[in-house]
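Reading the structure
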Amino acid sequence: MAELRTQVAVVTEGGRVSVVDNTLWPAGAEQPCATVRVTLSRERAVEIPGFGGGAADPVDPTVFPLRSPHAVHGRSWFMDAMEARAGGDVAWFRMHHSVIADAGPLARVLGPADWTHGIARPVQNVVADPNPNLVVQLFRPPRGEWVGVRAEARWRPEAGLGVGSGVLLDVDGEIGRVSMSVILVPFPRSAPAAGPGSAAG
């Protein structure tokens, strides 16, 4: 936990597609701790004869049970910033507060999307499974406060590796996709035991 400094750089700027990098450094550090690359595609209507977009029935996530998972390490984590509910094969999330004031719709999606592997891991609370990368693709911005994830995960224990992926939704239907790699590592021996309903990510 530390204060961060950030630097934004325009990688390419085009008529339909632009690419922007944002790099983060902990205060006082010379090496960055993370880089985000955002590819922005400008909308432009295209007529496609014979194409019919599927319509979904609206969903009300508040009818589903509330989930309040706690971190295995016992400290604060990003899940504390979200309301979580589970309904069928979709986990629903709503941010308690804006991560950054006046941020765009992508900011509301990234927190829930980062949870994808944790939702669907094959076995809960037996290993740590950080994801060193996260790829989120949106073909439309979410409507409303809720973001849903229909997730799946695969593990390869003999290599200590795994992947997570999922469909991203809002209350009106599909909005995009998410994917990530994960590294499987043993919990430290001092890690507290987790209850049956808890999860880590």
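Data block above holds the structure.
Residues numbered from 1 in each chain as written. Predicted model: local features only at pLDDT ≥ 70, side-chain atom pairs only at ≥ 80, totals over all residues. Heavy atoms only, no water.

Digging into the overall build of the protein
Applied cut-off: The helix count covers DSSP runs of H or I at least four residues long, the strand count covers runs of E at least two residues long, and both are numbered beginning at the N terminus. Residue contacts are defined here by distance: any two heavy atoms, one from each residue, within 4.5 Å place the two residues in contact. Throughout, the Shrake-Rupley method with a 1.4 Å probe supplies accessible areas, and for residues the shown protein chains are the sole cover considered.
A count of helical and extended segments in the protein gives 2 helices and 10 strands. Within the protein, residue pairs in contact and separated by at least 24 positions form 56% of the contacts whose partners lie at least 6 positions apart. Carbon together with sulfur atoms contributes 55% to the accessible area of the protein, which is approximately 12,900 Å² in total.

Concerning the sheet that holds strand β7 (residues 135-138)
Note the cut-off: Should DSSP find at least two bridges between two strands, the strands are regarded as paired. Orientation is described by lines fitted to C-alpha atoms, with helices fitted over the stretch in contact, and by angles between N-to-C directions that extend from 0 to 180 degrees.
If you trace the 7 strands from one edge of the open sheet to the other, you get β4-β5-β6-β8-β9-β10-β7, paired in antiparallel fashion. Lying at the two open borders of the sheet, with one neighbouring strand each, are β4 (66-67) and β7. In this structure, strand β6 (residues 90-95) lies alongside strand β8 (residues 146-156), joined through 4 bridges in antiparallel fashion. Pairing of Trp92 across the sheet is with Gly148, part of β8. Sheet contacts for helix α1 (residues 105-114): β5 (82-87), β6, β7, β8, β9 (161-170) and β10 (173-183); angle to β7, the most-contacted strand, approximately 135 degrees.

Considerations on the pairing of strand β2 (residues 17-26)
Judged from the 9 bridges that link them, strand β1 (residues 4-13) and β2 form a sheet pairing that is antiparallel. By the bridge assignment for β2, Val10 is matched with Val20. Linking β1 to β2, which pair antiparallel, is a turn of 3 residues. As paired elements, β2 and strand β3 (residues 34-41) share 8 bridges and run antiparallel to each other. By the bridge assignment, Leu24 is partnered in β3 with Ala34.

Observations concerning the nonpolar core
Condition: As used here, the term nonpolar core means buried Ala, Val, Leu, Ile, Met, Phe, Trp, Tyr and Cys residues forming a set that is joined through side-chain atoms within 4.5 Å. Each residue gets one of three labels from its accessible area relative to the maximum for its type: buried under 20%, exposed over 50%, partly exposed in between, using a 1.4 Å probe on protein chains only.
In terms of nonpolar packing, the biggest core is built from 16 residues, with Met79, Phe93, Val109, Ala113, Val136, Leu168 and Val178 touching the most fellow members. If we skip the residues at most four places from it in the chain, Phe93 touches Met79, Met82, Glu83, Ala84, Pro112, Trp115, Ile119, Glu145, Trp146, Val147 and Val149. One finds Trp92, Trp146, Val167 and Val171 within the second-largest nonpolar core, a separate group that totals 6 residues.

A few points about the environment of Gly144
Residue position: Gly144 is located in the loop between β7 and β8. Given a relative accessible area of 46%, Gly144 falls into the partly exposed group. For Gly144 and Arg94, which are 50 residues apart along the polypeptide, the C-alpha to C-alpha distance reads 9.4 Å.

Considering unusual backbone geometry
For residues other than glycine, phi is negative in most cases, and the peptide bonds are mostly trans. Of note, Asn125 is a non-glycine position whose phi angle comes to about 60 degrees, a positive value. Note on placement: Asn125 falls in the loop between α2 (116-120) and β7. Residue Asn125 is classed as buried on the basis of its relative accessible area, which comes to 19%.

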